[in-house]
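# What the coordinates show
Take a look at the letters that make up each chain.
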Amino acid sequence: MKKLTTLLLLITVAMSAAAETFKDEMHVYINGMEVSSMESIIILQNEGETSSLSLKNFALSTGEDVMYVGNITIDGISPVRDDAGIHYKKTSKVMITAGDDPADAQWIGPMLSSTLNGIPVSLNALLADKLTAEITIDLTETMGQHIIVTFGKSNTTRIDIPESEGARCSDAIYNLSGQRIAAPRKGINIVGGKKVMY
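Thresholds applied
- Residues numbered from 1 in each chain as written.
- Predicted model: local features only at pLDDT ≥ 70, side-chain atom pairs only at ≥ 80, totals over all residues.
- Heavy atoms only, no water.
- Phe/Tyr/Trp six-rings, centres within 6.5 Å; stacked < 30°, edge-to-face > 60°.
- Helix = DSSP H or I, 4+ residues; strand = E, 2+ residues; numbered from the N terminus.
- Buried < 20%, exposed > 50% of the residue type's maximum accessible area, 1.4 Å probe, protein only.
- Pairing = 2+ DSSP bridges.
- Axes fitted to C-alpha atoms, helices over the stretch in contact; angles between N-to-C directions.

The tally for this structure, following the rule as stated, stands at 1 aromatic pair. Pairing Tyr68 with Trp107 gives two aromatic rings, centres 5.2 Å apart and planes at 65°, and the pair type is edge-to-face. Of this pair, Tyr68 sits in strand S4 (residues 65-77) while Trp107 sits in the loop between strand S6 (85-94) and helix H2 (109-116), and the two are 39 residues apart along the sequence. Taking the relative accessible area as the measure of exposure, Trp107 reaches 11% and is therefore buried.

Turning next to the sheet that holds strand S9 (residues 145-151). The strand order S4-S3-S2-S1-S9-S8-S7-S6-S5 describes an open sheet built from 9 strands, whose pairing is antiparallel. Only two strands of the sheet have a single neighbouring strand rather than two, namely S4 and strand S5 (80-82). The average angle at which neighbouring strand axes cross in this sheet is 20°, direction not considered. Here S6 runs beside strand S7 (residues 119-127); their pairing, made up of 9 bridges, is antiparallel. Looking at the pairing, Ser92 lines up with Val121 of S7.

Attention now moves to unusual backbone geometry. Backbone torsion omega between Asp101 and Pro102 reads 5°, so that peptide bond is classified as cis. Within the fold, Pro102 resides in the loop between S6 and H2. Although it is not a glycine, Asn31 sits at a positive phi angle of roughly 50°. Take Asn31: it is sitting in the loop between strand S1 (19-30) and strand S2 (33-47). For Asn57, which is not glycine, the phi dihedral falls at a positive 50°. With respect to the element layout, Asn57 can be found in strand S3 (residues 50-62). Note on Asn57: relative accessible area 22%, which makes it partly exposed.

These results come straight from atomic positions and should not be treated as a statement about function.
Given below as structure tokens:
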């Protein structure tokens, strides 16, 4: 009996050690405009064949104004391993729960989640030397907002534009994928080598 108890204790300790915490820079964009940049924590929990990713105490801040959203947890992610690392991708409706820091905050995520029966969230993350993630939160139905959260990535975009005879690059307009476009489109464009919002 003592051996069985010891074995169960070891299994419990091994399962609880499967959680990893990542701390890095997070950038938040609402409808294409960066609204905040802060250090944040993501917890990646491996649960056998599937994983979950949690963005704890998520809040939007613009200067002194803060909108407390809550804990966003994406469950049932099937990781895929390749030479680049471990990929975590999933799109689902998520029930946002109240955060705990600060304890007295008015968390709006639970109210929005119950109104919509879940918030549409997409995750695209890669764990290699560090964790990089992009989380898209679709609040267009309730608040008219499309929120993109990047974690562990630089907020700068570099696009190498080759010089060509006949076209001056300073006059050229490109989208964020580096494709040349005839006229600026709604959102972020690269004009004269600089990011411009239209």
